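Report on the structure
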Amino acid sequence: MAPDNSDVVARARKGPRGRIVMLVDNGVHGDSRVQKQASSAAAAGWDVILLGKLTGREEQDTWKLGDAEVRLVRVKSKMSTRPGDLRGAPLRRPLAYSSDRVAAFRQQQVKAWRADLRVRGAALKAGEDRSLLGPAAGRAWLAVPRAAARATSRWVALRNRETRKLRNIRRTRSTPLDKATTAFWLKTMGDRAWRRLDPGVWDFELAYGPVIDELKPDIIHANDFRMLGVGSRAALRARAAGRRVKLVWDAHEFLPGVRSWANERKLPAMVAYEREHAKYADAVMTVSGGLADLLQKSHNLPERPAVVLNAPDAEATSRFTDEPVPDVRALCGIGPDVPLLVYSGLAARQRGLGIMVEGLTELPEAHALFVASSPELPYIQELMARAEELGVRDRVHAVPYVPHWQVVPFLSGADVGVIPIHHWPNHEIALITKFFEYSHARLPLVVSDVKTMAEVTRETGQGEVFKAEDVADYVRAVRAVLADPKRYTAAYEVEGRLDEWTWEAQAKVLDEVYTRLMQGAGDGRNP
């Protein structure tokens, strides 16, 4: 059993350069960026504690990343469900039950009633009825409750349909009434409107906040928008208590440009949440130059955020020698001469993975591999079902992530690295993690024509660009790469080309940000 958050706090200790508490809103596993941040900062002499979210799927809730500590915090999701969502909605859906649980009970209740009546009818027919009524009178009398049960069943079914519609309304918040109330709260409360629109983010504050306060950091490194608010309030509390604490905000994406959540209130709520807290950051860093420019403009930042690319750790494989790197071809059950097309990363519809399955019908010798957080993800299973329909299921494979220090050598066993993402604002402005991982694995690339990656791929000559969501053009690009792979891998032989795309280079930028903040605060050490 995992400990309560009070047990997460250990005795205070200090590295030679000060304590950094890093915050992330996930379970740390699979987030290579925060793992590399923590281990490299600790190696540079900082006392690093990385706080992540305990999801319940972890085998352990504390471990080490090099000299850094990882501790998972239990987040009780109590504020994501509003009390109003547990009651009926007479104005929206007057016939709906108050909740899904009530609807399910009523449905089972009427099924039980009808089942009981069927048994009583069977008893009459078999002459086993023990009532005072005769068989004829019993059958006549039974017709009345049977009719009532049928009518009740139709009524319950109607109310169940209305309950499902109400559930969808509450899930999406997309009705004209919802849109009007969302606009009202944004107008009247401004950047504080998230408190009304999406109060579930408070659950992170209530879980992480006390832990951060007890750890007494010199620097709080908040990864992404949810942790920005948590880190901001922790820094404010520390400063009010007389401690000098600096806040680093690490923005992983341009929030107004993300693919909206199903709940249409969530995106404007989180944009407001980010705006409210961005002003408290003492330094901002992000994943690309394009995103740095957008953040500076949208938040009126006094300086351009530092760019820390999520590049692979070039020396990691040699440091972690205990675990052998899995053989990607052995996992797929194929030999060295079979063309293997790989996608590694988040498995989601907007990542365009379906084109890799569709394209196999025109690439009869090729196999496709998806390296994802879990082969059992619903979207991965959809891809497998589609492969079955197309008759290519035996050439489609899915395996789980490997540790971040194994990613590059693991992927190097493939023939082509594929990035088929669709056109979304955040996809246009950055070289995403897998671009660097494929490059260090020295794979020829096949990328969709999203702006930044397409430009760099054409400039370096390391791959082919195809029109996003165009299967025919994707097949053309893959055929070109497979026909002459050395033409594309020659790009990696250019001296110095990959040096900047290493975590070692990025860790220097990270350390410079920390050092500058500590120098600006005097010695920066807490009493």
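This report concerns the structure included in the present document. All values reported here derive from a predicted model rather than from experimental measurement. (Residues numbered from 1 in each chain as written. Predicted model: local features only at pLDDT ≥ 70, side-chain atom pairs only at ≥ 80, totals over all residues. Heavy atoms only, no water.)

1. Describing the sheet that holds strand β4 (residues 68–74)
Test applied: What makes two strands pair is DSSP finding at least two bridges between them. Under the DSSP-based scheme used, a helix requires at least four consecutive residues in state H or I and a strand at least two consecutive residues in state E, with every element numbered from the N terminus. Pairs of residues are marked as contacts when any of their non-hydrogen atoms sit within 4.5 Å. Interaxial angle, 0 to 180 degrees, is taken between N-to-C directions of lines fitted to C-alpha atoms, where a helix line uses only the stretch in contact.
The 8 strands are arranged β3-β4-β2-β1-β5-β6-β7-β8 in an open sheet whose pairing can be described as mixed. The strands lining the two open edges of the sheet, one partner per strand, are β3 (62–65) and β8 (306–307). Here 5 bridges tie strand β5 (residues 219–223) to strand β6 (residues 246–251), and the two strands are oriented parallel to one another. By the bridge assignment for β6, Ala-222 is matched with Trp-249. In the packing of helix α2 (residues 32–43) onto the sheet, contacts are made with β1 (19–23), β2 (47–54), β3, β4, β5, β6 and β7 (283–286), and the angle to β2 comes to roughly 160°.

2. Looking at the nonpolar core
Heads up, the rule is: Here, the term nonpolar core denotes a set of buried Ala, Val, Leu, Ile, Met, Phe, Trp, Tyr and Cys residues that are joined through side-chain atoms within 4.5 Å. Partly exposed residues are those whose accessible area sits between 20% and 50% of the maximum for their type, while under 20% is buried and over 50% is exposed, using a 1.4 Å probe and protein chains only.
Formed by 65 residues in total, the largest nonpolar core has its most connected members in Leu-341, Met-356, Phe-370, Leu-411, Phe-435 and Tyr-474. Membership of the second largest hydrophobic core comes to 46 residues, among which are Val-21, Val-75, Tyr-208 and Ala-430.

3. So, the packing of aromatic side chains
The geometry of an aromatic ring pair is captured by the separation of the ring centres together with the interplanar angle, meaning the angle of the planes. In plain terms, the rule: Planes of paired rings set the category: under 30 degrees apart is stacked, over 60 is edge-to-face and the rest tilted, where pairs are Phe, Tyr or Trp rings (Trp by its six-membered ring) whose centres lie within 6.5 Å. Two conditions define a charge sitting above a ring: the NZ of Lys or the CZ of Arg must be within 6 Å of the ring centre, and it must be within 35 degrees of the ring normal.
According to the stated counting rule, one finds 9 aromatic pairs in the structure shown. Summarising the aromatic geometry, the rings of Phe-204 and Tyr-208 are spaced 6.2 Å apart at their centres and angled 45° between planes, so their arrangement reads as tilted. Remark: Tyr-208 and Phe-204 occur in helix α7 (residues 202–215); sequence separation between them is 4 residues, near one turn of the helix. Each member of the aromatic cluster is reached from another via a ring pair, and the members are Trp-194, Trp-202 and Tyr-273. Between Arg-159 and the ring centre of Tyr-97, over which it is positioned, the NZ or CZ distance is 4.0 Å.

4. Observations regarding helix α9 (residues 266–278)
To keep things clear, this is the line we draw: Any helix carries an expected span of 1.5 Å times its number of residues minus one.
When the terminal C-alpha atoms of α9 are compared, their 18 Å separation across 13 residues agrees well with the 18 Å that a helix rising 1.5 Å per residue should span. Most of α9 is tucked away: 11 of the 13 residues are buried. Every buried residue of α9 is listed here: Lys-266, Leu-267, Ala-269, Met-270, Val-271, Ala-272, Tyr-273, Glu-274, Glu-276, His-277 and Ala-278. Turning to α9, the residues buried within the fold contact α6 (194–197), α8 (224–240) and β6.

5. Re the environment of Val-371
With respect to the helices and strands, Val-371 occurs in strand β10 (residues 367–372). A relative accessible area of 2% means that Val-371 is categorised as buried. Apart from residues no more than four positions distant in its own chain, Val-371 is found in contact with Val-342, Tyr-343, Ser-344, Gly-345, Val-399, Pro-400, Tyr-401, Phe-410 and Leu-411.

6. A word on the sheet that holds strand β12 (residues 416–419)
Pairing is parallel across the open sheet formed by 6 strands, whose spatial order is β11-β10-β9-β12-β13-β14. Looking at strand neighbours, the two that pair on one side only are β11 (396–400) and β14 (463–466), the edges of this open sheet. Ignoring strand direction, the axes of neighbouring strands in this sheet form an average angle of 25°. Two elements, β10 and β11, share 5 bridges in a ladder whose sense is parallel. Considered in β11, the bridge of Leu-369 is made with His-397. Sitting on the sheet, helix α19 (residues 471–483) touches β9 (340–344), β12, β13 (445–448) and β14, and the angle it makes with β14 is about 170°.

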